[in-house]
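# Structural description and commentary
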Amino acid sequence: MRIRQAHASALRIASLSAASMCAAIAWAQDAAPAAVDGAVAAEAAKAWFDTGRLGLLLAVAVASACIIAGIVIARLGGSVRIRRIAALEAIDEAVGRATEMGRPVLFVPGIQDMNDIQTVAGITVLGRVAKTAAEYDAQLEVPTARSLVMTAARETVQSAHYAAGRPETYSEGRINYITDEQFGYVAYLSGKMVRDKPAACFYMGAFYAESLVLAENGNAIGAIQVAGTAEPSQLPFFVAACDYTLLGEEFFAASAYLSGERDQLGSIRGQDIGKLLVAASIVVGCAMATYASIALAFGGS
Amino acid sequence: MFKRGIPIAILSLTGTLLVAAHFSPMTQSWGEVVLNWFSVVAAITAILGAGNLLLVNLEKISSRRPGWAYSAITIAAFAAMLVFGFLKIGAVPNPQNPTVYFAGDYETRESAYGWMYEYVMSPLTATMFALLAFYVASAAFRAFRAKNIEANILLVTAFIILLARTYAAELLTGWVPKDSAFFFVRLDAMSTGVIEHVATAGMRAITIGIALGALATSLRFMLGIDKSYLPRS
């Protein structure tokens, strides 16, 4: 019975995702106006689908199929074991330390707005940090660089307090909008760190030049620091100055990892299958390129 | 149901439209419309943000909490820029409509708004950015401590890159001919090799992982599997 339900839901997921991710292909095929002839039809078909992006579309479709396959396998009872991610395991330790020291916990959700997926990923981690802080009765501060992020963070922290069974301890005054200006925001955060000396600092979201300023200030005040970003250029700074860092894809996997739900963990497994395919295609590509150059060198043409 | 179902429906719809707009020129305008929805929501919440800023700082001033003077400066600067911007004080007249005061450009240095930005905001921002050099130095000092094998490799690599960026590279290994078999011992060649092959390979691996992670996250949101960003019902 459960397998049949899993089958049904898996099929539903597959059909939904096929509808969402391959809409462009369907439109490209269906939209070709059959009644119109010759060049007009070709022009219309061209307008419906950008053939220059066919390769990208195929790559997206294959990667999406892998992820959905991972979800389906998880629903059918397949293994969804995920390796331990130290940075996420450290959340409880960091918040616990802040509680013992009687100092606040600082959470920085990056400097981008809610239309950046890194900010959304950061907000999902905030949910877990806020729940732990509510359970331990620690003071959580969330200064934001965007008004919309402030609103989303307030909703998330409030939900976390409800989930922890302590709605009375929620205070929206601790989640504030500071400024959109990058270095104005950094100046505020640096000052706050030096004055309030938070015992734990979380940096989760999109960061640019400010990453090292924040991480070094946190290091100087002796805070335990956990960072997560998908900005490749900022990762070395966080690795150098923070205690734990979520590197790129780990940051996106955080939400699934923390939820512990089979569907979500299955998507990470699917993501890994996609990564294997990419690695295999790189190896095959390298081998083919090497063979071609050797053949050219020795064969002449 | 409505508190979670409607946001997921909106998210799936907008996600699908944006994916379609990327691949189909015909639907590009639909994607632009969806992005405009975001701008509208962001503009409304900007009022919330400004209100929150005022509230927090006014409360700090009225209760004379430590650092209240900084809040007073923040409120004064906020009000001044608001007045300068809205009233376009000192705005340069628009050549096409010189008689219409509000048609003037307020972002040039001649206007009060532009002057404040150019001579107050920009230097302050540059000052904060310049501090980065010292933070880089202190982070490098800690990261390059040769305490284990990995740190030793990092230290040696950093040393090669650092030397290759200076005249020392020319002085130390510049005498090795570029067409010799020992070209690889030149510091500039080693530096190029590290950046183009080792660092690029590592960075590409991270970037591919990020792309797949972003796709998986988007799919989880669009399919309503991950609802952690939504308020609990």
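Residues numbered from 1 in each chain as written. Chains lettered and ligands numbered in written order. Predicted model: local features only at pLDDT ≥ 70, side-chain atom pairs only at ≥ 80, totals over all residues.

## What about the overall build of chain B?
- Scanning chain B from terminus to terminus reveals 8 helices and 0 strands.
- Mapped in sequence order, the helices and strands of chain B form the string α-α-α-α-α-α-α-α.
- Taking 17 Å as the expected radius of gyration for a compact globule of 233 residues, we find that chain B reaches 28 Å, considerably beyond that expectation.
- Along the first, second and third principal axes, the C-alpha set of chain B runs to 70 × 50 × 50 Å.
- Long-range pairs, those at least 24 residues apart, make up 29% of the contacts in chain B between residues at least 6 apart in sequence. (Helix = DSSP H or I, 4+ residues; strand = E, 2+ residues; numbered from the N terminus. Rg over C-alpha atoms; globule rule 2.2 N^0.38 Å. Contact = placed C-beta atoms within 7 Å.)

## Thoughts on the packing of helix H11 (residues 249–259) of chain A against helix H12 (residues 262–299) of chain A
All names here are of chain A.
- Closest axis-to-axis distance for the H11/H12 pair is 8 Å, and the angle between their directions is 140°. On the basis of their axis angle, the class for H11 and H12 is oblique. Both H11 and H12 take part in a crossing whose hand is left-handed. Here Ala253, Ala256 and Ser259 of H11 lie close against H12, whose contacting residues are Gln264, Leu265, Ser267 and Ile268.
- Per-class residue counts for the contact of H11 with H12 are 4 nonpolar, 3 polar and no charged. (Axes fitted to C-alpha atoms, helices over the stretch in contact; angles between N-to-C directions. Parallel < 35°, antiparallel > 145°, perpendicular 65-115°, else oblique. Left-handed = near helix turned anticlockwise from the far one by under 90°. Nonpolar A, V, L, I, M, F, W, Y, C, P; charged D, E, K, R; others polar.)

## Regarding the interface of chain A and chain B
- Counting from both sides, the interface comprises 68 residues of chain A and, opposite them, 53 residues of chain B.
- Of the residues contributing to the side of chain A that touches chain B, the split by class is 41 nonpolar, 19 polar and 8 charged.

## Details of the domain arrangement of chain B
All names here are of chain B.
- Taken as a whole, chain B is organised into domain 1 (2–132) and domain 2 (134–222).
- Using C-alpha coordinates to define each centre, domain 1 is positioned 38 Å away from domain 2.
- For the side of domain 1 that touches domain 2, the element with the highest residue contribution is helix H1 (residues 2–23), accounting for 3 residues.
- When its residues are assigned to classes, the side of domain 1 that touches domain 2 shows 3 nonpolar, 2 polar and no charged. (Domains from an automatic or database assignment.)

## Quick word on unusual backbone geometry
Residues and elements named next belong to chain B.
- You will see that arginine 64, though not glycine, has its phi angle at about 50°, which is positive.
- Structurally, arginine 64 can be placed in the loop between helix H2 (28–62) and helix H3 (68–87).
- Residue lysine 88 is not a glycine yet carries a positive backbone phi of 50°.
- Position of lysine 88 among the secondary structure elements: in the loop between H3 and helix H4 (112–130).
- Overall, lysine 88 belongs to the partly exposed group, with 19 C-beta atoms counted inside 10 Å. (Buried ≥ 20, exposed ≤ 12 C-beta atoms within 10 Å, placed from the backbone.)

## Observations regarding the pairing of strand S2 (residues 140–144) of chain A
Residues and elements named next belong to chain A.
- Counted residue by residue, S2 has 4 buried out of 5 residues, so it is predominantly covered.
- When strand S1 (residues 105–108) meets S2, the two strands line up parallel, connected through 2 bridges. Across the sheet, residue valine 105 finds its bridge partner in S2, namely leucine 140.
- Chirality of the crossover, the property in question, places the unit of S1, helix H6 (residues 117–136) and S2 among those that are right-handed.
- Examined bridge by bridge, S2 and strand S3 (residues 175–177) share 3 bridges and lie parallel to one another. In the sheet register, proline 143 faces S3, and the bridge partner there is asparagine 176.
- The parallel pair S2 and S3 is bridged by helix H7 (residues 147–163), and the resulting crossover is right-handed. (Pairing = 2+ DSSP bridges. Right-handed = clockwise from strand over helix to strand, strands pointing away.)

## Brief notes about the environment of leucine 187 of chain B
All names here are of chain B.
- Inspection of the secondary structure assignment puts leucine 187 in helix H8 (residues 187–222).
- For leucine 187, a count of 23 C-beta atoms within 10 Å corresponds to the buried category.
- C-alpha of leucine 187 to C-alpha of leucine 172: the two residues are 15 residues apart in sequence and 8.1 Å apart in space.
- Residues contacting leucine 187, with those up to four places away along its chain left out, are Ile160, Leu163, Ala164, Ala169, Leu172 and Thr173.

## Thoughts on the confidence of the model for chain A
Residues and elements named next belong to chain A.
- In the predicted model, chain A carries a mean pLDDT of 86, and 84% of its residues have values of at least 70.
- Put simply, helix H2 (residues 23–30) is where chain A has its lowest mean pLDDT, 39, and S1 is where it has its highest, 98.
- Counting interchain partners and residues more than four positions distant, the pLDDT-below-50 stretch residues 6–36 has 51 contacts. (pLDDT = per-residue confidence, 0-100.)

## Observations regarding the nonpolar core
- Judged by nonpolar contacts, the single largest core of 99 residues is most densely connected at Val105, Leu126, Val129, Ala200, Phe202 and Tyr203 of chain A.
- By residue number, the principal contributor to this core is H6 of chain A, which donates 10 residues.
- The contacts of valine 105 of chain A, once residues within four sequence positions are left out, are Val95, Ala98, Val129, Ala133, Ala138, Gln139, Leu140, Glu141, Pro198 and Ala200 of chain A.
- Among the nonpolar cores identified, the runner-up in size contains 7 residues, and Trp48 of chain A together with Val19, Ala20 and Phe23 of chain B belong to it. (Core = buried A, V, L, I, M, F, W, Y, C linked by C-beta atoms within 7 Å.)

## Quick notes on the sheet that holds S2 of chain A
Residues and elements named next belong to chain A.
- Strand order in this open sheet of 6 strands is S3-S2-S1-S4-S5-S6, and the pairing throughout is parallel. Of all the strands in the sheet, just S3 and strand S6 (244–247) have a single pairing partner and so form its edges. Recorded for the sheet is a direction-independent mean angle of 15° between the axes of neighbouring strands.
- Along the sheet, helix H5 (residues 86–101) contacts S1, strand S4 (200–204), strand S5 (224–229) and S6; its crossing angle with S5, the most-contacted strand, is approximately 145°.

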